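Secondary and tertiary structure notes
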There are 2 protein chains.
Amino acid sequence: MGKGLETRERILAIAEASVLAKGFGATSIDEVIAEAGITKSGFFYHFRDKNELARAMLLRYVEANDQLFDEVFGRGRELADDPLQAFLIGLKLLAEVMADLPSGHPGCLIASVCYQERLFDREVRTIAANSVQGWNARFRATLDEIAAVHAPREPVDLDTVADMMSCIVDGGIIMAKLMDDPRRLERQVLAFRSFVKMLFAPSEAVRPARAATA
Amino acid sequence: MGKGLETRERILAIAEASVLAKGFGATSIDEVIAEAGITKSGFFYHFRDKNELARAMLLRYVEANDQLFDEVFGRGRELADDPLQAFLIGLKLLAEVMADLPSGHPGCLIASVCYQERLFDREVRTIAANSVQGWNARFRATLDEIAAVHAPREPVDLDTVADMMSCIVDGGIIMAKLMDDPRRLERQVLAFRSFVKMLFAPSEAVRPARAATA
DNA sequence: GCAAATACTGTACCTGCGGTACGGTTTTTG
DNA sequence: CAAAAACCGTACCGCAGGTACAGTATTTGC
C-alpha cells in the first residue's frame, strides 16, 4: 500500500466529485491537481490521459456500488428467510443509506458517462454497460427466487422489473439533485419497494387484517 | 417568422444533439457553427454567450415535452371517461412514441443539465427544476382525479408516484442509451403503467375474469 | 422602391485548458 | 545504500471560448 496508491485514490475522489458536478468534459485537470496538491506531471504519472482517468473512476465507482448492494441485500437475507421479505428489507436499508448521505447522493457516474458518451472510448462505455447489466442480472436472480415462492399478481417481465430498480435509482438521483431535496431519492426507492410488495405479496383483499408489513 | 428565427432554431437543434452526446462543457461552438453553416459572429449575434444558448435550449426542450404530454394524455381523455383508463391509455401511447423514435430517445436535457450543474447560472437550473416540478404537478393532478374514483390498494404518497413517472422516464432513457436498446425505455414506461394499474385497478382476486385490460 | 432594421461575415486578438515532452529531484522501499 | 517509485519544473503546441468592431448582404415596413 504505497504512497502512490494513496495519491491515486485522492485524485480519483476529487475527479469524481468534479465530474458529477460539471461533467467530464468540463472537469479540468488543473483544478483537480490544485485540489490534490500535486503538479500536472504528477497527475500524468498516474494516468496516461483523461480516458484512463475515466476508466479508473468508473471501476472505482462500480466496485463501491457492488459493495453497497452486497451489504444491504446480504443483511436482508440474514434477517429474513423468505426471499421477498429479504429483498424488501434490503430495499428499506438501501433507502435509508441514500437518505443518510450528508449532502444528498452526489450522482451516478454511469449516468454521467451515458450523457457524455462521445467523450469516451469504447472501453469506458463497455465498462458502464456491463456494470449495469451485472446489477440487473443480480436483481433478476433475486426476483426469480421471489417468483418461485410468490406468484406475481400482474404478468410483468421480470427482466424489466430488475431494470426498473436501476432506473428508479438513477431517476431518483436526478430528481433529488434537481429539487435539492435528498428525500426524493429515498421516497423513490421506497415506492419501488411498494411496487415489488404489491406485485408479489398476497392480496390484502383476499387475506386482510394482519398482513406482513416488514 | 423571419429567417433569423430559422437559423436560431437550427443552431438550437444542432447544439441540443451535441450536448446530449458530449455534454455541455464539451460542446464546442466551433463545431456547432460549422454544422450550421454560419460564422462565429453569426452565432454570437443570436446568443450573447453559452449560458444564453443553454437557457434557450432548455426552454425549447421543455416546450416540446409539454406538447407531447398534452398530446398523449389529451388523447387518452378523449378515448376514455374514467380517469384511470384515460391515464393508462396515455401511458401506452407515450410508450409507443418512445419506441417509435428512429434511433432511440436522444436523451433528456434536464438530466444533462443536472449532471453539469456547476456549468450553468442559477437561472438555467431554476428553469430545469421548475419544468420538472410542473410535470410532477400535472401528473399529481391526474392521480388525484384517479384516486377520487379508485381507492389505492397501498398507502403510497401520490406526490411520490407523480415523481416516479419522471424518474422512470429519465432512468429508462439512460438504460436504453447505455444498452443501446430503445425498447428498454418503452418497457419501463409500460412497467410504470402496470404499477399504476395495480395500485388503482380493482383487485382481480375480488373481481376476476373479464377485468378491464385497456 | 427606399430606408432602416435585421442578419449576418471577416479579421484580429486575448485567455485558459488539455495534452506532450523531458530532464531533474525527492521519497520510499527492498 | 541503491534502485525503483513518486513526483516537480519548465517549456511548448493547438484548440476553444469569448471580445471587439468594422463591414456587408438581406429582409421588412412604410
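Preceding block: the structure.
Every value quoted in this text rests on a predicted model; they were computed, and no experiment measured them.

1. Details of the relation of the copies chain A and chain B
Each copy superposes on the other: chain A lies on chain B with an RMSD of 0.1 Å after a rotation of 180° and an axial shift of 0.0 Å. Taken together, these values place the two copies in the relation of a two-fold axis. It is G171 of chain A whose C-alpha, among those of chain A, lies nearest the rotation axis, at 2.3 Å. Residue by residue, 100% of the interface of chain A is reproduced at the interface of chain B, so both copies engage with the same surface.

2. Considerations on the protein's contact with DNA strand D
In the neighbourhood of DNA strand D, 18 residues make up the surrounding shell, with T39, S41 and Y45 of chain A together with S28 and I29 of chain B lying closest. Counting only the atoms of DNA strand D that lie within 4 Å of the protein, the sugar and phosphate share comes to 63%. S41 of chain A places a polar side-chain atom, nitrogen or oxygen, 2.2 Å from a base oxygen of DNA strand D. H46 of chain A is positioned with one of its side-chain polar atoms (N or O) 3.0 Å from a phosphate oxygen of DNA strand D. Among the elements of the structure, α1 (3-22) and α3 (40-46) of chain A together with α2 (29-36) and α3 (40-46) of chain B are those that each provide at least two residues to the surface near DNA strand D.

3. Some words on the protein's contact with DNA strand C
Lining the immediate environment of DNA strand C, one finds 19 residues, of which S28 of chain A together with T7, T39, S41 and Y45 of chain B sit closest. One of the backbone N or O atoms of I29 of chain A is found 3.0 Å from a phosphate oxygen in DNA strand C. In this structure, a base oxygen belonging to DNA strand C sits 2.4 Å away from a side-chain N or O atom of S41 of chain B. Every element with two or more residues in the surface near DNA strand C is listed here: α2 (29-36) and α3 of chain A together with α1 (3-22) and α3 of chain B. The element best represented in the surface near DNA strand C is α3 of chain B, accounting for four residues. Tallied by class, residues from the surface near DNA strand C come to four nonpolar, ten polar and five charged.

4. What to know about the interface of chain A and chain B
In this assembly, 56 residues from chain A lie in contact with 56 residues from chain B. A combined buried area of about 4700 Å² lies between chain A and chain B, and 69% of that area is made up of carbon and sulfur atoms. For chain A, the biggest contributors to the area lost against chain B are Y115, L178 and M198 of chain A; these three give 17% of the whole. Summed over the shared surface of chain A and chain B, the number is four salt bridges.

About the cut-offs
- Residues numbered from 1 in each chain as written.
- Chains lettered and ligands numbered in written order.
- Predicted model: local features only at pLDDT ≥ 70, side-chain atom pairs only at ≥ 80, totals over all residues.
- Heavy atoms only, no water.
- Least-squares fit on C-alpha atoms with pLDDT ≥ 70 in both.
- Contact = heavy atoms within 4.5 Å.
- Near = heavy atom within 4 Å.
- Polar contact = N/O pair within 3.5 Å; in protein donor to acceptor, adjacent residues only side chain to side chain.
- Helix = DSSP H or I, 4+ residues; strand = E, 2+ residues; numbered from the N terminus.
- Nonpolar A, V, L, I, M, F, W, Y, C, P; charged D, E, K, R; others polar.
- Buried area = accessible area lost by both parts, 1.4 Å probe.
- Salt bridge = Lys/Arg side-chain N within 4 Å of Asp/Glu carboxyl O.

The quantities given are spatial measurements derived from coordinates; they are silent on function.
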